[in-house]
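Take a look at the letters that make up each chain.
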Amino acid sequence: MLYNPSNPNPISWAQGMETMMVLGQMSMFLFVGPMSLTTLIYMLLFSEYWWVTVAYATWWLWDVQTCNTGGRQGVLVPWARGWHLWKHYRNYFPIKLVKTAPLDPSKNYIICSHPHGILCFGALCCFSSEGEDFSLKFPGISPKLTTIEGNLWMPAFREVFLSFGAVSSSRTSMNNLLSTPGGGCAPVLMVGGVPEMDNFQRDKIRLILRKRKGFVKMALRHGASLVPTFSFGEIGLFKQADGCVRRVQETVRKTIGIAPVIFFGRGWIQDTFGILPQRKPITVVVGKPIDVEKNENPSDIEIEELHERYVKDLKSLYNEYNPQFGDTNMKLIIK
């Protein structure tokens, strides 16, 4: 047991394992890629182990397009997805996956995940692992969590992320996946992307969706069903800077188009400040699929109509399950 001076209840070893898993995942996302790249450059230029960098660079060049051609294959992915450690990761929050309708394994799908949050904790657990038994709840469906291709260029980070079945969200990758014969393939898109990380208003959930129509066009071209999903509790795991810091962020954003998201959560043995997310429940609700008829050359009107239907179904999903799994004081805003 570990003692927490701000909490009279001791911290169990199970809680310690849960914290280690979440901290490891956050370190992988935030630090491992840049640190491994820096290490490889140092080894190449200033060490006798230059050959390690040369060997890895050779492998990287040979393997770099794997993220656009369906991701890792073979036994590695189901083995990594099935690690028992994912149960510790799930239990930290905890995370729950809710099925509202079956998914036909003879069809391909685009699973659309909302909101992005800081680091997509709910989507990562439910779609990149068997932490919540996705394969038992949706037999025959192979989810592939997607990210921007540049993330899968980073050494070390890419090796770990690809081993969980992740792929690029590029057009090439999506076309490849949705062309899978026999069905059962389901790339998972974080539709709002990086801009959705910035959600500093604590009484609002802001989704970036109105102008995001590429996924709808992709679904029409391949006849892939659209599946809305919502991660209740994803917003609220961290607090974001406001006041003068917020004004500086807005100035930077107006100047260069983007700005860093400054966030803080809890620490290892105290819950007031730190890099770890708060221990709050996340419930990922998978909605009913929207069947899409294949149309290789959809018109703007057809894209708009399907997009409107998707937004309507997503709102319905939120309104139905928010009283049970979310916070009725939170207002959903779609921009």
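Structure's up top.
Residues numbered from 1 in each chain as written. Predicted model: local features only at pLDDT ≥ 70, side-chain atom pairs only at ≥ 80, totals over all residues. Heavy atoms only, no water.

## A look at the overall build of the protein
Thought 1: Looking only at helices and strands, one finds eleven helices and 13 strands in the protein.
Thought 2: Rg of the C-alpha trace for the protein: 21 Å, near the compact-globule value of 20 Å for 335 residues, within the 12% margin.
Thought 3: Here the protein holds 335 residues, and 48% of them are scored as buried.
Thought 4: A sequence separation of at least 24 residues applies to 78% of the contacts in the protein between residues at least 6 apart.
Thought 5: About 16,700 Å² of surface is accessible on the protein, with carbon and sulfur atoms providing 61% of the total.
Thought 6: Across the protein, 35 positive and 27 negative side-chain charges occur, with their mean positions spaced 4 Å apart. (Helix = DSSP H or I, 4+ residues; strand = E, 2+ residues; numbered from the N terminus. Rg over C-alpha atoms; globule rule 2.2 N^0.38 Å. Buried < 20%, exposed > 50% of the residue type's maximum accessible area, 1.4 Å probe, protein only. Contact = heavy atoms within 4.5 Å. Areas by Shrake-Rupley, 256 points an atom, 1.4 Å probe, with all protein chains shown as cover. Lys, Arg positive; Asp, Glu negative; His and termini not counted. Charge placed at Lys NZ, Arg CZ, Asp CG, Glu CD.)

## Notes on the sheet that holds strand β9 (residues 225-232)
Thought 1: Taken together, the seven strands give an open sheet; going across it, the order is β3-β12-β9-β4-β7-β5-β6, and neighbouring strands pair in mixed fashion. Bordering the open sheet on either side are β3 (95-99) and β6 (167-168), each of which pairs with just one other strand.
Thought 2: Taken strand by strand, helix α8 (residues 171-178) contacts β4 (109-114), β5 (142-147), β6 and β7 (185-190), and its axis lies near 150 degrees from that of β7. (Pairing = 2+ DSSP bridges. Axes fitted to C-alpha atoms, helices over the stretch in contact; angles between N-to-C directions.)

## Some points on the pattern of salt bridges
Thought 1: Scanning the model with the defined rule gives 14 salt bridges in all.
Thought 2: Notably, a salt bridge pairs Arg-90 with Glu-132, separated by 3.5 Å at the nearest N-O pair. Taken together, the positions of Arg-90 in helix α4 (residues 85-92) and Glu-132 in the loop between α5 (121-127) and α6 (134-137) put the pair 42 residues apart, joining distant regions of the chain.
Thought 3: Its salt-bridge partner being Glu-159, residue Arg-158 comes within 3.1 Å of it at the nearest N-O pair.
Thought 4: For Arg-158, a relative accessible area of 0% corresponds to the buried category.
Thought 5: The network of salt bridges with common partners includes Asp-63, Arg-72, Arg-158 and Glu-159. (Salt bridge = Lys/Arg side-chain N within 4 Å of Asp/Glu carboxyl O.)

## As for helix α2 (residues 50-63)
Given 3.6 residues to a turn, an α-helix orients residues that are three or four positions apart in the same direction.
Thought 1: The terminal C-alpha atoms of α2, which comprises 14 residues, lie 20 Å apart, in line with the 20 Å expected from a rise of 1.5 Å per residue.
Thought 2: Among the residues making up α2, those that are buried are Thr-53, Tyr-56 and Asp-63. Projected down its long axis, α2 carries its buried residues within an arc of 100 degrees, all on one side. Opposite its buried face, α2 presents the exposed residues Thr-58, Leu-61 and Trp-62, each directed more than 90 degrees away.
Thought 3: Buried residues along α2 sit in contact with α1 (13-46) and α7 (157-163). (Expected span 1.5 Å × (residues − 1). Arc of directions from axis to C-beta.)

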